[in-house]
Structure formats: structure tokens, C-alpha cells
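Structure assessment
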Amino acid sequence: MTRSRTVTVGSGLEIAYERYGSGNDPVLLMVHGFGVQLTGWNPDLLGMLLQRNLQLVVLDNRDVGLSTHLDDVGAIDPMAVVSGAVTEPPYRLSDMAADTVGLLDALDLDSVHLLGVSLGGMVAQQLTIDAPGRVRSLTSMLSTPDMSLGSATPAAAMALLAPPASTREQAMDRSAGIAAVIGSPEMERDEAWSREAAGVAWDRNNDPAGVTRQFAAIRLSPDRRPGLATLDVPALVIHGAADPLIQLDGGVATAQAIPGAQLMVIPGMGHDLPRAVWSQVVGAIAGLVHRVESGREPAAVGHPDTHEHARWGRLGRPDPTTTEETA
């Protein structure tokens, strides 16, 4: 059962979000990937971040979940975008970044620590370029500053652009199939969670046409490297060495573009976040946040707190009876 709330941002769009944790803890705003709703964050992972004394804000980007869908625009043929037949998208990543800034305004958050994964990493990069004063630290994960860098393998591209599902069961099968292609080849995948998350997303709001508009925004937004080069924000870049969807070159280019950024490359990790690396990733993200908050982190990022792989059991989705949810 969702507890999402919505706010109206400057563009007039509605952005759905959820907020967890103590109001006294630093805020980590988490932006998810291509076509993924806020329910795509594994609740066990959110629980681990909460245990590290972080307050979490998660959101639905435009065109997914309970945020505004630009239905009047209609679907965009991804192959027409790839071939160059479509050159003008309905919106760009800068518009998605502005939506997120609008959410900060609505929540009276002057600045936050920012985490973006895949498409979310692109949005986070653009937000930091456009509004650097709103970002206390930036973590870009499994992402790239430009789609010419870290290009997908043919198999990964075909999996992502597979025909949309027409039933809930097909959506679950499709999600599991994509995970099998782009996921970590050397680590155990949580197929049960992948299927469960796809079912939840189907029930909440399934919109294949909205995802095509996000695809156009990804492909037709400009190279962010010139903007990233101007940043003076503590930054961490996390990438899987075995990522077939956005290959490692994309993460390396992101880290090289941001002055003082720290690059963490995780061996055997693909375009996912398997449980085996949660301890490592959470330690790095929380370590950066708390170093910045303690004043020990200027413009350059130190080494992550932990390089240890670990497996964690389920903690359950954050519950308002055990964590304070602030509006």
C-alpha cells in the first residue's frame, strides 16, 4: 500500500514522493532510473540507509508512477530517436532536474545530498550543474555524462527495448528477463524482488508510452561534461565493472569530468545493485554524507568507508511506526 504524496512544481507538473527518517538527520534525495518508480527502491536497502542516520526522500520522475504523465504527447518511437529521425524531445534531462528542484522547494529543503542511479544519475548530474547551491554532495551510480560514452552492448540494448508487457504477469517476466541480461554476472540476483517490484509498478501505474518519452530525454540531452567540469561539490561515482547497459567508460568519464570526484569500481557488478554489494555501497554513500556534514569533506571526496562485500536479510519497507515520516 503506497503512502506517496504529491506536490506541484514550477512547471505545473505533479511530482509524487515519499519521505522517511528523522527530521534531524541529513537528507539524501534518491532519483531512480529509466522507467523505474519510487517503489523500485528495495525496502531493505532503504532500511540500511536509515540505519546510517540518513533521512530519505524518494520520488517518481515525470512520466512514471504517480507523477504527471504527458499523455497528450503520445508515445515516441525509440528507434526513430536512435536513428535521428526524431531530434526534438518533449522534454530534456534539464526539465526533469527542474522538477526535482521544485520538489526541494515544496519540501522547504534548501540543499540535500543527491543520489542518482542510471537515468537518475543523469538527472542528478544535471541538477548539480543547474543548481549547485542545492546539492551538498553528489553520488552518481551506474550512469554516464553522455550517451556516446559507455554505450550498451547489443544484448543489453535489445533487452531494454523489448516490447512492453500487456499483462501483469508479462511485466514480471519482462523485468526478470531484463535483469538476467543486464544484472551482475558474478553475483546472486534477487529474482523474487525483481518480479515483486514489477508487479507493484504495474498495479501502481503502468505507462509504456511515458517510458518512451524518458528515453527521448536521455538520448537527446546534451553532453554534461562541460557543466560537470565547473562543479565544486563533493562527488562520488559508483560503477559496476561488468555493467553491459552503461559500460564502465561512462562511469570513468563521469568521475574524470567532476573535479576531485572519487571513483568506486565494483568488480563483477552489472547494471543493478545486488545484495552482495549493499554494505559496500551504503557505507560509501553514508560516509560521504556524514563527512560533508561534519565539515571534513571540502571539494574532493575521500576514500569510501568500506570495501567489504556483505549479504543482508530483509528489513522490511520503512514503516511510520518505526521511522518518522516527515511531510
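Here's what I pulled together on the structure shown here. By convention here, each chain's residues receive numbers from 1 onward along its written sequence. The predicted nature of this model means local features are confined to residues of pLDDT at least 70 and side-chain atom pairs, given and counted, to a pLDDT of 80 or more, with totals for whole chains, interfaces and linings taken over all residues. The side-chain quantities take in all heavy atoms of the structure and omit both hydrogens and water.

Helix numbering and strand numbering both begin at the N terminus, where a helix is a DSSP run of H or I of at least 4 residues and a strand a DSSP run of E of at least 2. Tallying secondary structure elements over the protein gives 11 helices and 8 strands in all. Surface accessibility of the protein: about 13000 Å² in total, with carbon and sulfur atoms responsible for 53%. Accessible surface is estimated by sampling points in the Shrake-Rupley manner with a 1.4 Å probe; for residues, cover comes only from the protein chains shown.

Take helix α7 (residues 191-205) next. Three or four residues apart is the spacing at which side chains of an α-helix point the same way, because the helix has 3.6 residues per turn. Here the expected span of a helix is defined as 1.5 Å times the quantity of residues minus one. Taking 1.5 Å of rise per residue, the 15 residues of α7 would be expected to cover 21 Å, and the 21 Å separating its terminal C-alpha atoms lies within 8% of that figure. Residues of α7 that are buried: W193, S194, R195, A197, A198, G199, A201 and R204. By the convention used here, residues are in contact when the closest approach between their heavy atoms is within 4.5 Å. Considering only its buried residues, α7 is in contact with α1 (43-51) and α6 (168-182). Only protein chains enter the calculation, and the probe is 1.4 Å; a residue is then buried if its accessible area is under 20% of its type maximum, exposed if over 50%, and partly exposed in between.

Turning our eyes to something else, we now look at the nonpolar core. In terms of nonpolar packing, the biggest core is built from 44 residues, with L29, L103, L114 and L138 touching the most fellow members. Elements supplying a minimum of two residues to this core: β2 (14-20), β3 (27-31), β4 (55-59), α3 (93-106), β5 (112-117), α4 (119-130), β6 (135-141) and α8 (208-219). Among the elements that line this core, the one with the most residues is α3, at 6 residues. Those residues in contact with L29 that sit more than four places away from it in its chain are V57, L59, T100, L103, L104, V112, H113, L114 and L115. By convention a nonpolar core is built from buried Ala, Val, Leu, Ile, Met, Phe, Trp, Tyr and Cys residues, the set being connected through side-chain atoms within 4.5 Å. Ranked by size, the runner-up nonpolar core spans 34 residues in total, among them Y20, M187, I238 and I266.

In this analysis, rings of Phe, Tyr and Trp, with Trp reduced to its six-membered ring, are considered paired at centre separations within 6.5 Å, and the interplanar angle assigns stacked below 30 degrees, edge-to-face beyond 60, and tilted for intermediate values. As enumerated under the stated definition, the model contains 1 aromatic pair in all. Measuring from centroid to centroid gives 6.2 Å for F34 and F215, while their planes differ by 55 degrees, and the two rings are tilted. Of this pair, F34 sits in the loop between β3 and α1 while F215 sits in helix α8, and the two are 181 residues apart along the sequence. With relative accessibility at 18%, the residue F34 sits in the buried group.

What follows concerns the pairing of strand β8 (residues 262-266). Taking every second residue as pointing to the same face, the buried face of β8 carries Q262, M264 and I266, while none of L263 and V265 on the other face is buried. With 5 bridges connecting them, strand β7 (residues 235-240) and β8 associate as parallel partners. Bridged to V237 within β8 is L263. With the strands pointing away from the viewer, any crossover whose connection runs clockwise from the first strand over the helix to the second is right-handed. In the classification by handedness, the crossover that spans β7, the intervening helix α10 (residues 248-257) and the parallel β8 is right-handed. Two strands pair under a simple rule: DSSP has to find at least two bridges between them.

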